[in-house]
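Descriptive analysis of the structure
Single-letter residue listing:
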Amino acid sequence: MKQVKLVLEDGTEIEGTGFGAHTSAAGEVVFSTAMTGYPENLTDPSFAGQILVLTYPMVGNYGVPGEELYESISKIFESDKIHIAGLVVNYYSEEHSHWNATKSLGDWLAEYNIPGIFGVDTRMLTKKLREKGAMLGKIVAEEDIPLHDPNQDNLVAQVSPPGVQHYGKGQHKIVLVDCGTKTNIIRCFLTRDVELIRVPWDYDFNTLDYDGLFLSNGPGDPKMCEATISHLQTALQQDKPIFGICLGNQLMGLAAGGDTFKLKYGHRSHNQPVLLSGTKRSYITSQNHGFALDTDTLPAEWTMLFENLNDGTCEGIKHKTKPFFSTQFHPEAAGGPEDTEYLFDDFLKAVEEYKAAK
Ligand SMILES: NC(=O)CC[C@H](N)C(=O)O
């Protein structure tokens, strides 16, 4: 293992030990306070372009599970590769032990040419990111490289699949617009009565025959998804149920005529409290986002569905009369609490009602 360093755009330089691939990488440095779930986090396409700091002090101790398939998608991972640009941890546990581990975290990172750095005071680093906001940064091994802002790239186009795929044989035909979907969203649909048509981010789904539309999570600035927003504006003219998660929530808001903004340092953890509007009921949710919808910009036919109890930001919206709703948090979890998975049932109930009325 060799010495490497983490360099931030404010000039901070932190020495540490390299693990994973011995290479340099640049990206946006963000932190997650989730205590477990690195196999899920690292393969979540929403992390594309980001150098991820995990605040949990010991990482790697349960290794990395082997690949198993469920209906041709991964049973365990959230996509078929690692999407983060780099990983920053305090203590890397080189020795792992878990019943389904097949390799170490370091070997897995190396397989995808992703660098990691450990021996970093992640508390100090997280405080800095909280005070100054998410910053650009780089892990530097042998070769110095320039900083790079991934939010200037169309990351969704990079992670979205090239073609259409079909799954399941259920009675409700759902189109999943894949802007970088987590596979647990697919699993959540396939354990219900659904036939899923998974289409690329810029596919004109209005040409398809379907019962309900789903908008996935995905990386980067939602305003980059112009094609999706424009197709969605057509779908919003109709009455077919629409459900969106995370990036899907931001796209729903943008298509409705609202605006998004970049949060100072985002929400990335498994314990974000949200309030269901009009009730005193709160849920603990899994989150991973750096942007948010500005609810003040929502047109009059829309209303806030969930609110973040830490900072008051928008955690979901719904249309006042049509069956359209979306959440900024992750009802599919993976990792994190599954308390809001019932929203998939609510969506399919809306689909049933729509079909019955037709
Ligand atoms: N998980 C997601 O879908 C993230 C959405 C968007 N890229 C954000 O950071 O806010």
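Rules used throughout
- Residues numbered from 1 in each chain as written.
- Predicted model: local features only at pLDDT ≥ 70, side-chain atom pairs only at ≥ 80, totals over all residues.
- Heavy atoms only, no water.
- UniProt positions renumbered as here; feature names shortened; annotations may be inferred.
- Buried < 20%, exposed > 50% of the residue type's maximum accessible area, 1.4 Å probe, protein only.
- Helix = DSSP H or I, 4+ residues; strand = E, 2+ residues; numbered from the N terminus.
- Pairing = 2+ DSSP bridges.
- Salt bridge = Lys/Arg side-chain N within 4 Å of Asp/Glu carboxyl O.
- Phe/Tyr/Trp six-rings, centres within 6.5 Å; stacked < 30°, edge-to-face > 60°.
- Lys NZ or Arg CZ within 6 Å of the ring centre and 35° of its normal.
- Polar contact = N/O pair within 3.5 Å; in protein donor to acceptor, adjacent residues only side chain to side chain.
- Contact = heavy atoms within 4.5 Å.

The name an unreviewed UniProt entry gives the protein is Carbamoyl phosphate synthase small chain, with Hymenobacter volaticus as the organism. UniProt's Sequence similarities (unreviewed entry) comment on the protein is quoted here verbatim: "Belongs to the CarA family." As stated in UniProt under Subunit (unreviewed entry), the record for the protein gives "Composed of two chains; the small (or glutamine) chain promotes the hydrolysis of glutamine to ammonia, which is used by the large (or ammonia) chain to synthesize carbamoyl phosphate. Tetramer of heterodimers (alpha,beta)4."

1. With respect to the pairing of strand β4 (residues 50-54)
Judged by how many residues are buried, β4 sits mostly within the fold: five of five residues are covered. With burial as the criterion, each face of β4 is covered, one bearing Gln50, Leu52 and Leu54 and the other bearing Ile51 and Val53. Across five bridges, the pairing between strand β3 (residues 25-32) and β4 is parallel. In the sheet register, Phe31 faces β4, and the bridge partner there is Val53. Where β4 meets strand β9 (residues 86-88), three bridges bridge the pair, whose relative direction is parallel. Paired with Ile51 across the bridge in β9 is Gly86.

2. Focus on the pattern of salt bridges
Per the counting criterion, the structure on display carries 15 salt bridges. Here Arg198 and Asp178 are joined by a salt bridge, their closest N and O atoms 2.8 Å apart. Linking Arg198 in strand β16 (residues 194-200) with Asp178 in strand β15 (residues 172-178), this pair joins segments that are 20 residues apart in sequence. Each member of the pair, Arg198 as well as Asp178, carries the same accessibility label: buried. Across the salt bridge formed by Asp345 and Arg192, the nearest N and O atoms sit 2.6 Å from each other. Taken as a pair, Asp345 in helix α8 (residues 342-357) and Arg192 in the loop between α5 (183-190) and β16 lie far apart in primary sequence, 153 residues in all. Under the relative-accessibility criterion, Arg192 is labelled buried at 18%. Through salt bridges that share partners, Arg192, Glu341 and Asp345 make up one connected network.

3. Section: the packing of aromatic side chains
Enumeration according to the criterion identifies 18 aromatic pairs in this entry. With a centroid separation of 4.4 Å and 35° between ring planes, the pair formed by Tyr38 and Tyr62 is classed as tilted. With Tyr38 in helix α1 (residues 38-43) and Tyr62 in the loop between β5 (58-59) and β6 (64-65), this pair connects stretches of sequence that are 24 residues apart. On the basis of relative accessibility, which here comes to 5%, the residue Tyr38 falls in the buried class. Each residue in the set Phe189, Phe214, Phe243, Phe325, Phe344 and Phe347 is aromatic and connected to the rest through ring pairs, giving one cluster. The ring of Phe291 has Lys262 sitting right over it, with the charged end atom 5.7 Å from the ring centre.

4. Focus: the side chain of Thr313
Position of Thr313 among the secondary structure elements: in the loop between β21 (302-308) and β22 (314-319). Given the relative accessible area of 12%, Thr313 is considered buried. Reaching out from Thr313, the side chain makes a polar contact with the side chain of Asp311 at a distance of 2.7 Å. Not counting residues within four places of it along the chain, the set of residues in contact with Thr313 comprises Phe261, Leu263, His267, Phe306, Glu307 and Asn308.

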